[in-house]
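Residues per chain, in single letters:
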Amino acid sequence: MSLLAATPQLSFTEMRDTLAMTDGNITAHVRTLHEAGYVSVTKEFKQGRQLTSYSITREGRKAFSAYIDLLEKIVEQTRKKE
Amino acid sequence: MQENWAAEHLQVIRTLMERSAVYRRALAPLMTFAGVVGTAAAAIAWQQRIDSPRPFVLYWSIVSLVALAGAFVLVRRQAIRAGEVVWSPPMRRIGQALLPGLFVGAVAGGVVWFLGGVLMLPAIWASIYGCALHAAGFFMPRGIRLFGGCFVVAGAVLILGIAAERIDWAPPNLVMGFFFGLIHLAYGIYLYFTEQRRNPL
């Protein structure tokens, strides 16, 4: 989600290489996010090869922002206590 | 405990967001190719004495187009091999960062074409190219910014040296060969040994 939030679209291999995860791991994570409606998947054929790319949906961005807000609140509250 | 976890998580998210915007293609083949083209072109130009302004500008413009086209073919091949799009968002950002520098370089070539002053042109081109690389370096591995910075400094020193008549021997084709040939070649070889798969975490 962090990767997709910063760029309009990412290919499968770009995600795999950046995260240093296995193909199976990436597929499982993306499937979960796709089923939740947070990530959209585009498959196209270019020069006889399938090209799979992912992008974050509006719902996904909303959920991601809410998660970041929550993390920031936790950090902020703790700093106030100190 | 929880605040540490939240802060660390935010840091990981920030790192990943930055990394996703960074250009990831291998630079070693591009630099080596540019270096070979530059060195060979300089040797030919030196031997053929392509020193007068118009032939010099025309010749090196063609060489730069050949180098750009070759680099694009290499990038495209890497993208196809990896099953990725060629014009990815980082690639587009790099293109946009390089474009102003390349445009000013073309204008400088145009000025020399009409007014002469070929002695100064390689140093100006090197400086402008350095500026373009430095700008593109914000979307590439950090070494590129340093590489661009070296071009800016070396080009500026050469411009000052020639203008102040402190440097009286700077054959344009050899200067071009040094900047756009040998330095690229050396950097390409260096990258072959140092460039590795990144693991951001």
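If you're wondering where the values come from, they're calculated on a predicted model, not measured in any experiment.

> Outline the overall build of chain B, supporting the account with residue identities and numerical values.
Along its length, chain B carries seven helices and zero strands. Along chain B, from the amino end to the carboxyl end, the secondary structure elements read α-α-α-α-α-α-α. When the backbone C-alpha atoms are referred to their principal axes, chain B occupies close to 70 × 40 × 30 Å. Out of the 201 residues belonging to chain B, those deemed buried represent 43%. Contacts spanning at least 24 positions in sequence make up 77% of the contacts within chain B whose residues lie at least 6 apart.

> How would you explain empty space enclosed by the protein if you had to name every residue and give the values?
Enumeration over the complete set of coordinates arrives at one cavity of 30 Å³ or more. Approximately 40 Å³ is the volume attributed to the largest cavity. Lining the largest cavity are E14 of chain A together with Y23, R24, R25, S88 and P90 of chain B. Grouping the amino acids of the lining of the largest cavity by side-chain chemistry returns two nonpolar, one polar and three charged.

> An account of the pattern of salt bridges is needed here, citing residue identities and associated values.
Residues and elements named next belong to chain A. This structure, assessed with the given rule, holds one salt bridge over all chains. A salt bridge links R16 to D23, with the shortest nitrogen-to-oxygen separation between them at 3.3 Å. Owing to a relative accessible area of 39%, D23 belongs among the partly exposed residues under this scheme.

> If you had to explain the side chain of Q78 of chain B to someone new, which residues and values would you point to?
Mapped onto the elements of the fold, Q78 of chain B is located in helix α3 (residues 53-81). The residues touching Q78 of chain B, leaving out its near neighbours within four places in the chain, are R25, A26 and P29 of chain B.

> Go over unusual backbone geometry, please, and point to the residues and values.
A positive phi angle is found at A20 of chain A, which is not glycine, with a value near 55°. Topologically, A20 of chain A is positioned in the loop between α2 (12-19) and α3 (23-35). The class for A20 of chain A is partly exposed, based on a relative accessible area of 44%. Unlike most non-glycine residues, R49 of chain B shows phi in positive territory, near 55°. With respect to the secondary-structure elements, R49 of chain B resides in the loop between α2 (28-48) and α3.

> An account of α3 of chain A is needed here, citing residue identities and associated values.
Counted at 1.5 Å a residue, the expected span for α3 of chain A with its 13 residues is 18 Å, and the 18 Å between its end C-alpha atoms agrees. Where α3 of chain A ends, the next residue or the one after it, G37 of chain A, has phi of about 85°, a positive value.

> Help me get a handle on the sheet that holds strand β3 (residues 49-56) of chain A, residues and values and all.
Residues and elements named next belong to chain A. Strands sit in the order β1-β3-β2 across an open sheet of three strands; the sheet is antiparallel. Each end of this open sheet is capped by a strand with a single partner; those strands are β1 (10-11) and β2 (39-46). Inspection of the sheet shows β1 paired to β3 by two bridges, in the antiparallel sense. Within β3, the residue paired with L10 across the bridge is Y54.

> Go over the side chain of S55 of chain A with me, naming the residues and quoting the values.
Within the secondary structure, S55 of chain A is located in strand β3. Once you skip the residues sitting within four places of it in the chain, S55 of chain A turns out to touch L4, P8, Q9, Y38, V39 and S40 of chain A.

> Lay out the packing of aromatic side chains with the relevant residues and their values.
All names here are of chain B. For the structure on display, the rule yields twelve aromatic pairs over all chains. With a centroid separation of 6.2 Å and 15° between ring planes, the pair formed by F56 and W125 is classed as stacked. Of the two residues, F56 is situated in helix α3 and W125 in helix α5 (residues 121-136); the sequence distance between them amounts to 69 residues. Take F56: its relative accessible area is 0%, and that puts it in the buried class. Judged by centre distance (4.3 Å) and plane angle (15°), the ring pair of F147 and Y187 falls under stacked. Placement of F147 in helix α6 (residues 143-163) and of Y187 in helix α7 (residues 172-194) is noted, with a sequence separation of 40 residues between them. Accessibility expressed as a relative area gives 12% for Y187, which makes it buried. Chaining the aromatic ring pairs together yields one cluster made of Y129, F147, F151, F178, F179, F180, Y187 and Y190. Positioned above the aromatic ring of F138, the side-chain terminus of R145 is 4.3 Å from the ring centre.

About the criteria used
- Residues numbered from 1 in each chain as written.
- Chains lettered and ligands numbered in written order.
- Predicted model: local features only at pLDDT ≥ 70, side-chain atom pairs only at ≥ 80, totals over all residues.
- Heavy atoms only, no water.
- Helix = DSSP H or I, 4+ residues; strand = E, 2+ residues; numbered from the N terminus.
- Buried < 20%, exposed > 50% of the residue type's maximum accessible area, 1.4 Å probe, protein only.
- Contact = heavy atoms within 4.5 Å.
- 1 Å grid on protein atoms, 1.4 Å probe; cavity = no way out; pocket = protein on both sides within 12 Å on 5 of 7 lines; lining within 4 Å.
- Points joined across faces, edges and corners; volume = space filled by probe spheres on them.
- Nonpolar A, V, L, I, M, F, W, Y, C, P; charged D, E, K, R; others polar.
- Salt bridge = Lys/Arg side-chain N within 4 Å of Asp/Glu carboxyl O.
- Expected span 1.5 Å × (residues − 1).
- Pairing = 2+ DSSP bridges.
- Phe/Tyr/Trp six-rings, centres within 6.5 Å; stacked < 30°, edge-to-face > 60°.
- Lys NZ or Arg CZ within 6 Å of the ring centre and 35° of its normal.

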